[in-house]
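Now for the letters of each chain:
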Amino acid sequence: MSSSREKILAAVRANQPDELPLPTVPSFEGDESVEKFTSIVQGIGGTVVDVLDATRLPEVIHQLFPADYRIASPLLPEANVPIDAQTSIEVLAAVDLAVLQGEFGVAENGSIWVPEANMLHRALPMITQHLALVLDRRNLVATMHQAYARIPSVGGYGTFLAGPSKTADIEQSLVIGAHGARSLVVLLV
């Protein structure tokens with residue numbers, strides 16, 4: 001004698017639909033130009049700076065940000081706030097500027113993929129007052145479809161960052177820096 005459970009499972013097995021192949025995902029094309037990327041980043045409140053000579057990166061950063069900033073960065077030898085995965089939230093909250101390496105940018109929405117390995121601490125890009133992302137101009141893709149295809153493995157953590165933090169939830173007024181970095185500068189090398 002079979003139980004009600006066994007009867008239900010047998011009925012489900014007997015009434016399975018035929019397997020169908022997955023649909024073909026269309027190829028999404030778009031503009032992956034520096035001009036398109038720059039236009040979108042500026043439209044969402046960020047700034048793009050061309051750094052044609054990567055050796056000038058520290059000089060450009062010093063021109064953009066005051067010398068007395070507390071800086072966290074694996075890219076600048078003069079960074080004055082050491083950060084690692086165990087750094088306390090109090091130390092992170094005191095960082096004025098984080099300068100981090102982006103892996104690739106997406107022209108359609110101005111976002112930049114930053115894996116955890118490039119962040120020093122996974123909270124740093126969200127808690128710093130100002131964020132500068134260094135991006136190789138050859139590493140632009142047109143669409144998020146192409147971007148996701150470039151992420152071989154998310155690993156532990158990674159994020160797409162786009163523009164400074166902003167919200168318009170409060171009386172429908174745009175507030176920049178409400179939940180994270182007050183400014184974003186993309187340094188194209």
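The rules behind the values
Sequence order sets the numbering: in each chain, residues are counted from 1 along the sequence as written. Reporting in this predicted model follows two pLDDT cut-offs: at least 70 for local features of residues, and 80 or more for side-chain atom pairs to be given and counted; totals over whole chains, interfaces and linings ignore these cut-offs and use all residues. Side-chain measures were taken over the full set of non-hydrogen atoms in the model, leaving aside hydrogen atoms and water. Comment: elements are numbered from the N terminus, with helices defined as DSSP H or I runs of at least four residues and strands as E runs of at least two. The buried label applies to any residue whose accessible area, calculated with a 1.4 Å probe on protein chains only, is under 20% of its type's maximum; exposed applies above 50%, and partly exposed to all values in between. Think of a polar contact as two N or O atoms within 3.5 Å of one another; within protein, one of them needs to be a possible hydrogen donor and the other a possible acceptor, and neighboring residues in sequence only count if both atoms come from side chains. Any Phe, Tyr or Trp ring, taking Trp's six-membered ring, that has another such ring centre within 6.5 Å forms a pair; planes under 30 degrees apart are called stacked, those over 60 apart edge-to-face, and the others tilted. Whether a charge sits over a ring comes down to the Lys NZ or Arg CZ being within 6 Å of the ring centre and within 35 degrees of the ring normal.

Q: Which residues make up the side chain of Asn 118, and what are the values?
A: In this structure, Asn 118 sits in the loop between strand S5 (111-115) and helix H5 (124-127). According to the relative accessible area criterion, Asn 118 is buried, its value standing at 15%. At 2.9 Å, the side chain of Asn 118 forms a polar contact with the backbone oxygen of Gln 101. Among the polar contacts listed, one links the side chain of Asn 118 to the side chain of Glu 103, at a separation of 2.7 Å.

Q: Let's hear about the packing of aromatic side chains: which residues, and what values?
A: The tally for this structure, following the rule as stated, stands at 4 aromatic pairs. Ring centres of Phe 65 and Tyr 69 lie 5.9 Å apart, and the angle between their planes is 40 degrees; on these two criteria the pair is classed as tilted. Each of the two residues, Phe 65 as well as Tyr 69, counts as buried. Their ring planes at 70 degrees and their centres at 5.5 Å tell us that Tyr 148 and Phe 160 sit as a pair that is edge-to-face. Of the two residues, Tyr 148 is situated in helix H6 (residues 144-150) and Phe 160 in strand S8 (residues 158-161); the sequence distance between them amounts to 12 residues. Residue Tyr 148 is classed as exposed on the basis of its relative accessible area, which comes to 52%. Directly above the aromatic system of Tyr 157 lies the positively charged group of Arg 122, at a separation of 4.5 Å from the ring centroid.

These figures capture arrangement, not role.
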